[in-house]
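# Descriptive structure summary
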Number of protein chains: 2
Amino acid sequence: MVSDERPLTLADIARLAGVGAATASRALNEAAGVAPATRRRIQEIARAHGYVISPAAASLAAGVTRRVGLVVPHLSRWFQATTTEAIHSVLAAAGLDVLMYLVGRADERRAFFDRLPARRNVDALVVVGVPVGKAEQLRLESVGVHVVAAGGQSVAFPHVSIDDRATGRLAVRHLVNLGHRRIATIEAEDPDQVVQPRDRSRAYDDVLAEAGVAVDPRLRVVIDWGGEQAAAAMAGLLAGPVRPTAVYAHSDEVALGAIRTIRRAGLRVPDDVSVVGIDDAPPAALADLTTVRQPVWEQGIRAGRMVVDLLRTGVLADTSVILPTELVVRRTTAPPRDSADAPRRRGTRRRRGHRGRSPT
Amino acid sequence: MVSDERPLTLADIARLAGVGAATASRALNEAAGVAPATRRRIQEIARAHGYVISPAAASLAAGVTRRVGLVVPHLSRWFQATTTEAIHSVLAAAGLDVLMYLVGRADERRAFFDRLPARRNVDALVVVGVPVGKAEQLRLESVGVHVVAAGGQSVAFPHVSIDDRATGRLAVRHLVNLGHRRIATIEAEDPDQVVQPRDRSRAYDDVLAEAGVAVDPRLRVVIDWGGEQAAAAMAGLLAGPVRPTAVYAHSDEVALGAIRTIRRAGLRVPDDVSVVGIDDAPPAALADLTTVRQPVWEQGIRAGRMVVDLLRTGVLADTSVILPTELVVRRTTAPPRDSADAPRRRGTRRRRGHRGRSPT
DNA sequence: CTGTTAGCGCCTTCAT
DNA sequence: ATGAAGGCGCTAACAG
């Protein structure tokens, strides 16, 4: 078994190549000031002997870690998982290692910023969907780690995200355009306060006001993020005094939960109730859900690039990147059946395909 | 404001506390041999000054990284994301940092094992759902990093997983017990070869054989993993010469895709076609899908503990942990409908439907 | 219990 | 273009 030999050091390689350690170091790091032939020879020897640099030593000597911390609440959430993958792909391509910090619970987040494990452990931090307060920001800055935010609204840092208000408007506007007036809204609040759905809620008020529809508080329900909670909320809505002809959900997950309840109640989607979500996560397509798509992968890519740029140059051209969203019409929305709610036309059932943008 | 001051070192803290560096080191590392009062004082000073140890220096001196590498194909897959979260929670609690290596594509995996970027970067590796061949195993061992596998069938390493064959049997047996005989199977193969569905396929043959039902190759279809592919496959099945009364899908994702197609075709689930999946991922509950639940979080926890034990003691009590799965009956499976009252589009050979009893 | 002394493996001026 | 030497910050023997 080979396992217990002392790993080769730079000095070993240098000796093998008949050069000094400094030259070996320069050669292996693609640093300037080495004769091409020498460099090749050294690299060849290193490769042949399976030499691997000691990150610890390099890090200690050079003062950089070549590591980036990824701070994210939950990987089980599609948005965060996808963003994380995208960020990782960019960082990995740039030769940076990714340290993962999962901070879903508030106490985990506090502990993270308290202990600042990232302090000397990473060169930069990417926070995905985590609220970073002013205090944390200062703390981070004073410690000299760069920070980039993705998918949140941490205006304090360079960030990339979508416009939540415009996104919500797309969804509600679609329902209004179909002729709906009794539109319920299921607002998902993150129990861990990670996501502030404020803007998605405002969008509802905006569009209803523009359409001259009074907001009926009985049609607004706030839940903890999650399909099950949404299902329960929908049950309440169906049992309530005002039955909605359409539902605006803050996410696909919520929308899907609502749909399950509607179907279980013997009602049909979209014939009896239309439902629209936000995200266009994979289950949305499988459930034929009308939703507003946000470019999740792209957000991660952009955030990753920001970090790489920051690490390379120390500065950033674009400090705020807002990506566009688009309505994806599938088969969970249709005009309301009851003509009292549909001034324009009676509900006709659509059979096939029909993907694409909505009548704005 | 933002300080460019040199970060405090252990020596600074030692001086501040009026002790030697060694004592300070011992105090901060909870190592034995420090007077309680002294220790408290040192810790207090360190905290007050916001001292943070330099991982690089500690690592270089001690020869361990206190980092664990997590090798996983995709975070966007529910199984892998959940397992990853679970593993992370255990490792974080043990004070270990987690380095993430995403190797979804075959070339990424090859590159990983070729270059072994983890080589001197981590103390151990957890591989989640990645096939590790004999060659890779030797490579890893020769480098002296511990390896634990989760959710795969890498018998070469300490591992935790489920029994895929038994799991598949649960699903198919359920359909058979309901009285189904024309059972289609949609087998999902990972295009990246990460998952080998062999055992889930065998389960189908097993149970059908036991039930005395001949396997009809026209009812077996193999696809690339994914809901969309499953939807297409289901369309093929419905258009085929033998219409199944039930479908056994290799995963929930596949099952959901199939259901969409069935519904779009104007058929009903489970009245016209029953569908069963595997996993019990969150969308399963939302879609009321009958499925076989596997304890994903638990698998991650167990794998994480294995690593921690390995790092602490160097050995492992249990080197192979197989966790149980269970059938979850929801509303996508039911006995086959009597052919007499089944409206058909094309004539099919009718077989006497054997009324099923209630599911187990 | 505590201090002193050596490195850990590499990068980086400085010479040459 | 290359080599020599110092030090990055910490831990692990040893002494005391």
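Heads up: the structure comes first, above all this text.
So, a few notes on the structure that sits alongside this text. (Residues numbered from 1 in each chain as written. Chains lettered and ligands numbered in written order. Predicted model: local features only at pLDDT ≥ 70, side-chain atom pairs only at ≥ 80, totals over all residues.)

## Here's the deal with the relation of the copies chain B and chain A
Put simply, the test is: Here the copies were fitted onto each other by least squares, based on C-alpha atoms from residues at pLDDT of at least 70 in both. What counts as a contact is two residues whose backbone-derived C-beta atoms lie within 7 Å of each other.
The transform that puts chain B on chain A rotates by 180° and translates by 0.2 Å along the axis, for an RMSD of 0.3 Å. In symmetry terms, the pair is related by a two-fold rotation axis. When the interface residues of chain B are mapped onto chain A, 97% of them again lie at the interface, so the same face is used by both copies.

## Examining helix H9 (residues 198–210) of chain A
Residues and elements named next belong to chain A. The criterion, for reference: Comment: elements are numbered from the N terminus, with helices defined as DSSP H or I runs of at least four residues and strands as E runs of at least two. How far a helix is expected to stretch is found by multiplying one less than its residue total by 1.5 Å. Here a residue counts as buried when 20 or more other C-beta atoms sit within 10 Å of its C-beta, as exposed when there are 12 or fewer, and as partly exposed otherwise, the C-beta atoms being derived from the backbone. To be clear, the arc concerns the directions from the helix axis to the C-beta atoms.
A rise of 1.5 Å per residue sets the reference length of H9, with its 13 residues, at 18 Å; its end C-alpha atoms lie 18 Å apart and thus fit the reference within 8%. By the burial criterion, the buried members of H9 are Arg200, Ser201, Ala203, Tyr204, Val207 and Leu208. Seen end-on, H9 carries its buried residues on one side only, within an arc spanning 150°. In H9, the exposed positions angled more than 90 degrees off the buried face are occupied by Ala209 and Glu210. Packed against the buried residues of H9 are helix H8 (164–178), strand S6 (183–189), strand S8 (246–249) and strand S9 (274–279). Positioned one or two residues after H9, Gly212 has a phi angle of 70°, which is positive.

## Notes on the sheet that holds strand S9 (residues 274–279) of chain B
Backbone-to-backbone hydrogen bonds join strands into a sheet, with any given pair of strands oriented parallel or antiparallel. All names here are of chain B. Quick note on the threshold: By definition, two strands form a pair when at least two bridges between them are found by DSSP. Here an angle of 0 to 180 degrees is reported between the N-to-C directions of two axes, which are lines fitted to C-alpha atoms, with helices fitted over the stretch in contact.
Pairing within the open sheet is mixed, and its six strands lie in the order S7-S6-S8-S9-S10-S12. Both outer strands of the open sheet, strand S7 (220–224) and strand S12 (326–328), are each paired with one neighbouring strand and no more. Across the sheet, the axes of successive neighbouring strands diverge by a mean angle of 20°, strand direction being ignored. Bridge count for strand S6 (residues 183–189) against S7 is five bridges, and the pairing is parallel. Bridge pairing links Glu187 to Val222 in S7.

## Comments concerning the packing of helix H2 (residues 21–28) of chain B against helix H3 (residues 36–48) of chain B
All names here are of chain B. What counts here: Roughly parallel refers to an angle under 35 degrees, roughly antiparallel to one over 145, roughly perpendicular to one between 65 and 115, and oblique to any angle outside these ranges. As a working rule, the residues Ala, Val, Leu, Ile, Met, Phe, Trp, Tyr, Cys and Pro are called nonpolar, Asp, Glu, Lys and Arg charged, and the rest polar, with Gly in that last group.
It is at 9 Å that the axes of H2 and H3 come closest, and there the two elements cross at 85°. Relative to H3, H2 is oriented roughly perpendicular. Between H2 and H3, the contacting residues are Thr23, Ala24, Ala27 and Leu28 on the first element and Thr38, Arg39, Ile42, Gln43 and Ala46 on the second. Tallied by class, the residues present in the contact of H2 with H3 amount to five nonpolar, three polar and one charged.

## A few points about the interface of chain B and chain A
Listed per partner, the contact involves 39 residues of chain B and 40 residues of chain A. Secondary structure elements with two or more residues in the side of chain B that touches chain A: helix H4 (55–62), helix H5 (78–93), strand S2 (97–102), helix H7 (134–143), helix H11 (252–264) and helix H12 (282–286) of chain B. Among the residues making up the side of chain B that touches chain A, the classes are represented as 18 nonpolar, 14 polar and seven charged. Here strand S2 (residues 97–102) of chain A runs beside S2 of chain B; their pairing, made up of three bridges, is antiparallel. By the bridge assignment, Met100 of chain A is partnered in S2 of chain B with Val98 of chain B.

## What about the nonpolar core?
Filter applied, for reference: Think of a nonpolar core as buried Ala, Val, Leu, Ile, Met, Phe, Trp, Tyr and Cys residues chained together by C-beta atoms that fall within 7 Å.
Within the largest apolar cluster, 176 residues are counted, with the highest numbers of intra-cluster contacts made by Val126 and Ala258 of chain A together with Val126 and Ala258 of chain B. Residues in contact with Ala258 of chain A, not counting those within four places in the same chain, are Ile186, Ala230, Ala231, Met234, Val247, Ala249 and Val275 of chain A.

## Observations regarding unusual backbone geometry
Residue Pro270 of chain A is reached from Val269 of chain A by a cis peptide bond, and omega for that bond is 5°. For Pro270 of chain A, the position within the fold is in the loop between helix H11 (252–264) and S9. At Glu30 of chain B, a position not held by glycine, the phi torsion is positive, near 60°. Here Glu30 of chain B lies in the loop between H2 and H3. For Glu30 of chain B, a count of 9 C-beta atoms within 10 Å puts it in the exposed group. Even without being a glycine, Asp288 of chain B presents a positive backbone phi close to 60°. Following the sequence through the fold, Asp288 of chain B ends up in the loop between H12 and strand S10 (290–293).

All we've got here are geometric facts, nothing functional implied.
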